[in-house]
Amino acid sequence: MTPFPVEEIRSRLADRVDLAGGQRALSRKIGIPQPVISKVLSGAAETIPESLINALGYIVRPMCVPARKGMNR
């Protein structure tokens, strides 16, 4: 789980792809396979790999959230 929406991660990834000069260039720079970058950008990936989140400069931290509204007393 990330502290901000998946679409925010995709947007930041798209920005990094543009700055790097393409998916292959970014792949070489951050060490994440280009097909992984492509799947995340297209929405085909069910989850965003933690390694990619880390490569974008973020960390994944566990967090607890209520399962349903009204469950916290």
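Note: the structure precedes this text.
Residues numbered from 1 in each chain as written. Predicted model: local features only at pLDDT ≥ 70, side-chain atom pairs only at ≥ 80, totals over all residues. Heavy atoms only, no water.

Here we come to the side chain of serine 27. Mapped onto the elements of the fold, serine 27 is located in helix 2 (residues 23-30). There is a polar contact of 3.2 Å between the side chain of serine 27 and the backbone nitrogen of glutamine 34. In this structure, serine 27 is in contact with Ile32, Pro33, Gln34 and Ile37, ignoring residues within four places of it in sequence. (Helix = DSSP H or I, 4+ residues; strand = E, 2+ residues; numbered from the N terminus. Polar contact = N/O pair within 3.5 Å; in protein donor to acceptor, adjacent residues only side chain to side chain. Contact = heavy atoms within 4.5 Å.)

Between its first and last C-alpha atoms helix 1 (residues 6-20) spans 21 Å; for 15 residues at 1.5 Å apiece the expected length is 21 Å, and the two agree. Listed as buried for helix 1 are Ile9, Arg10, Leu13 and Val17. Seen end-on, helix 1 carries its buried residues on one side only, within an arc spanning 100°. What points out from helix 1, more than 90 degrees from its buried face, is the exposed set Glu7, Asp18 and Leu19. Summarising the contacts, the buried residues of helix 1 are in contact with helix 2, helix 3 (34-42) and helix 4 (50-55). The positive-phi residue at the C-terminal boundary of helix 1 is glycine 21, with phi of around 95°. (Expected span 1.5 Å × (residues − 1). Buried < 20%, exposed > 50% of the residue type's maximum accessible area, 1.4 Å probe, protein only. Arc of directions from axis to C-beta.)

Packing of helix 2 against helix 3 brings their axes to within 8 Å, and their N-to-C directions diverge by 120°. As far as their axial angle goes, helix 3 and helix 2 are oblique. Our pair here, helix 2 against helix 3, has a crossing hand that is right-handed. Of helix 3, the residues touching helix 2 (which contributes Gln23, Arg24, Leu26, Ser27 and Ile30) are Gln34, Ile37, Ser38 and Leu41. Partitioned by chemical class, the residues of the contact of helix 2 with helix 3 number 4 nonpolar, 4 polar and 1 charged. (Axes fitted to C-alpha atoms, helices over the stretch in contact; angles between N-to-C directions. Parallel < 35°, antiparallel > 145°, perpendicular 65-115°, else oblique. Left-handed = near helix turned anticlockwise from the far one by under 90°. Nonpolar A, V, L, I, M, F, W, Y, C, P; charged D, E, K, R; others polar.)

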